[in-house]
Structure formats: structure tokens, C-alpha cells
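What the coordinates show
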Amino acid sequence: MQVDLLAGAGYAAPVLPLRIPTILVFDSGLGGLTVLREVMRQRPDADIVYAADDAAFPYGRLDEPALVARVLAVMERLVDRFHPDLVVIACNTASTLVLPALRARFAIPFVGTVPAVKPAAERTRSHLISVLATPGTVARDYTRDLIGHYAAGCEVVLVGASRLAGLAEAALKGEPVSDTDIAAEIAPCFVSRDGRRTDVVTLACTHYPLLLARLQRLASWPVEWIDPAPAIARRTSQLLGPAQLRTEPVATVAVFTDGSRLSGPAHIALAGFGLARIETEPLPLAI
Ligand code: DGL
């Protein structure tokens, strides 16, 4: 059983040359920005490409063979165009399925994002934890293996939220999103059993930390919300080796496979994450 995609146990990442690195951070949409901000915080020396496969968003609804084929096709284009030194798959829905195929296809290191089950099991006191994710991620064998391996002593509730990633995107784009809709998506995370209650919820979709303040406010009771972004950024930095001294400004770009649904507020939000240059790499879902 292979259960440590994030740390890459059993995966020997290629050795990187000592120079200013280019990091490609990839997601289906804007959720990967929550990982990007940690990566940029920990590696201010790196040039950054943020890539969103918005033509295929949301990944949570794609079946597994379609998702593998899609991510490989998009990555082929992105690697060809940007020549990254390292790729962060800032998407649980893709990482829990596609990392082995990506690592087999490309000779660059890939850092994945997978449900933070181990930290959740270490932090819970009630032994009732919830994994809040897309329907795709909760259905993965990989997710079930993680739970069997790291959280065998806990009762783990898998919550496949079909609308929450879309609601997070809408909120970031400045569209109205009601508390009622968010509360309905997270309600199944809160479980009471024999006087015990869920005390840890792991955010297993990179979109969800975009809504963290509202999740905290709309929670049935206070819980610890785990965001894996700092751990992913640490692993990224470790693979890149020591930070390089640079004199020229950092180059950043955001690239979208569609881009047509980006509103003014979305551009402002992207600029807030340090991404003022926005480009497209058109790749309709049908191909
Ligand atoms: N941000 C992605 C994740 O971490 C999922 C959103 C989607 O369904 O595309 O799983």
C-alpha cells in the first residue's frame, strides 16, 4: 500500500540544479491559491506559474480514467510551455489519483496534496474526525488507505461536498454565496456519539481554506480545521534545496485553460495573491 504521496515515500524525486527555480502550482481552479500563498511565503526566491484547469472545473465530478487523461494532457502543455523545475499538484482530487502517472511521464519532481488524515488523527481527543473533500476524493481507494493506515483508532466521517468548491470559487470572484448553502455542505462533518463530538475537520480540498472564516462561523460547534498548505510548502522547499539569492524581481504568471469566466473581482483577488499577469492556454475539456 502506498500512502504517503505528500512526502513521496518510495518516490525518489529527481535532484534539482542550483539556480533560481520555477515552481508550477496546479489546480482545477482557484483553490490552489491557498497552497500558492504558502509556497510563495516559504520560497520567495522562486519564479511562479499558477495554472488552473478551469475548462474542466470541477474535477470532483470527473470519473477516474477521464481525470487521469485530462491532467496528463494539460500537464504536457504546461511543462512544454513553462519548463518548471518542480510541480505542486495543489488539488486533492487529482493528487489522490494521478501522481503515479505524472511521475512516470515527466522527469521533474511532483509534490502532491492529499487529505491530512495523519495530523487529524494525532490531534483529535474525541477520536471523531471528519474529512471534508470533493465527491471524487472521498471515493478514492487512496483516501480509504490513508484512513486505514493512520486513523485506525478513530471514527472517520468522509464528507463528499458536491458544491463547496464551486461556492468557494464564486465567493472569491465576488459573487454572492449564502450562509445557508455553505452550512448545508459542512453540516455532515459534525457528529455526536456517546457524549463525544467531532473535534477535528481536515480540509481535503484546496478550495475550502478560501472560506475558512465562514466555515468557522457556520460550524455546529468549534472544531480544529486542518489546512495542509504549510506542510506542502515545506516539502516543496525541501526538494528545491537552499533558497537562492536573487537580484531581479520574482516573475509570476497565472494561466487558465479557459479564462472566460474570470471577473474583475477575480483579477483583483489573483493580484492579491501576487498574480497580476494572466494568460490563457486554451484546452477545451472535450479534447
Ligand atoms: N481544489 C480541488 C481539490 O483540492 C478540487 C476542486 C474540484 O472539484 O475541481 O480537490
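Residues numbered from 1 in each chain as written. Predicted model: local features only at pLDDT ≥ 70, side-chain atom pairs only at ≥ 80, totals over all residues. Heavy atoms only, no water.

Digging into empty space enclosed by the protein
Applying the stated criterion across every chain, the model contains 2 cavities of 30 Å³ or more. Here the second largest cavity is characterised by a volume of approximately 40 Å³. Surrounding the second largest cavity, Thr34, Val35, Asn92, Thr113, Leu203, Cys205, Thr206, Pro209, Asp227, Pro228 and Ala229 form its lining. Split into classes, the residues belonging to the lining of the second largest cavity amount to 6 nonpolar, 4 polar and 1 charged. (1 Å grid on protein atoms, 1.4 Å probe; cavity = no way out; pocket = protein on both sides within 12 Å on 5 of 7 lines; lining within 4 Å. Points joined across faces, edges and corners; volume = space filled by probe spheres on them. Nonpolar A, V, L, I, M, F, W, Y, C, P; charged D, E, K, R; others polar.)

What to know about the pattern of salt bridges
Within the structure shown, the criterion is met by 18 salt bridges. Glu169 is the salt-bridge partner of Lys173, the closest N and O atoms lying 3.6 Å from each other. An identical accessibility class is assigned to Lys173 and Glu169; each is buried. Where salt bridges share partners, they join Arg77, Arg81, Arg277, Glu279 and Glu281 into one cluster. (Salt bridge = Lys/Arg side-chain N within 4 Å of Asp/Glu carboxyl O. Buried < 20%, exposed > 50% of the residue type's maximum accessible area, 1.4 Å probe, protein only.)

Some points on the side chain of Ser28
Its location among the elements puts Ser28 in the loop between strand S1 (22–27) and helix H1 (33–42). Excluding anything up to four places from it in sequence, Ser28 contacts Ala52, Asp53, Asp54, Phe57, Tyr59 and His207. (Helix = DSSP H or I, 4+ residues; strand = E, 2+ residues; numbered from the N terminus. Contact = heavy atoms within 4.5 Å.)

Quick word on the layout of surface pockets
Roughly 170 Å³ of volume is contained in the second largest pocket. Contributing to the lining of the second largest pocket are 19 residues, with Pro58, Tyr59, Gly60, Thr134 and Ala165 lying nearest its centre. Of all the secondary-structure elements, those providing two or more residues to the lining of the second largest pocket are helix H3 (92–105) and helix H7 (164–172). Split by residue class, the lining of the second largest pocket holds 8 nonpolar, 9 polar and 2 charged.

With respect to the site of the ligand
As a matter of local geometry, the ligand sits amid 14 residues, with Ser28, Tyr59, Gly60, Thr93 and His207 nearest to it. With respect to the ligand, the backbone of Asn92 contributes an N or O atom lying 2.9 Å from an oxygen atom. Note that a nitrogen atom of the ligand is positioned 2.8 Å from one of the side-chain N or O atoms of His207. A total of 300 Å² of accessible area belongs to the ligand in isolation, and the protein chains cover 99% of it. Here the ligand occupies the second largest pocket. (Near = heavy atom within 4 Å. Polar contact = N/O pair within 3.5 Å; in protein donor to acceptor, adjacent residues only side chain to side chain. Areas by Shrake-Rupley, 256 points an atom, 1.4 Å probe, with all protein chains shown as cover. Sits in = over half its atoms within 2 Å of the grid points.)

Digging into unusual backbone geometry
The omega angle of the peptide bond from Phe57 to Pro58 is 0°, so this bond is cis rather than trans. Tracing the chain through its elements places Pro58 in the loop between strand S2 (47–52) and helix H2 (64–82). Here His127, not a glycine, exhibits a phi torsion of approximately 60°, which is positive. Mapping His127 onto the fold places it in the loop between helix H4 (117–123) and strand S5 (128–133). Its relative accessible area of 37% is what places His127 among the partly exposed residues. With a phi close to 50°, Asp194 is a non-glycine residue in the positive phi region. Among the secondary structure elements, Asp194 is positioned in the loop between strand S7 (192–193) and strand S8 (196–197).

As for the sheet that holds strand S4 (residues 110–111)
Sheet architecture is open: 6 strands sit in the order S4-S3-S1-S2-S11-S12, paired in parallel fashion. Only two strands of the sheet have a single partner each, and these edge strands are S4 and strand S12 (278–280). Note: S1 against strand S3 (residues 86–89), 4 bridges, orientation parallel. The residue of S3 that forms the bridge with Leu24 is Val87. Each of S1, S2, S3, S4, strand S11 (252–256) and S12 touches H2; the most contacted strand, S1, lies at about 155° to it. (Pairing = 2+ DSSP bridges. Axes fitted to C-alpha atoms, helices over the stretch in contact; angles between N-to-C directions.)

Re the pairing of S2
Taken across its 6 residues, S2 has 6 buried, putting it largely inside the fold. A two-sided burial pattern is seen for S2, the buried positions comprising Asp47, Val49 and Ala51 on one face and Ile48, Tyr50 and Ala52 on the other. Pairing analysis gives 6 bridges linking S1 to S2, with the strands arranged parallel. Of the residues in S2, the one forming a bridge with Ile23 is Ile48. Taking the sense of rotation as the criterion, the β-α-β connection linking S1, H1 and S2 turns out right-handed. Bridge count for S2 against S11 is 5 bridges, and the pairing is parallel. Along S11, the bridge assignment pairs Ala51 with Val255. (Right-handed = clockwise from strand over helix to strand, strands pointing away.)

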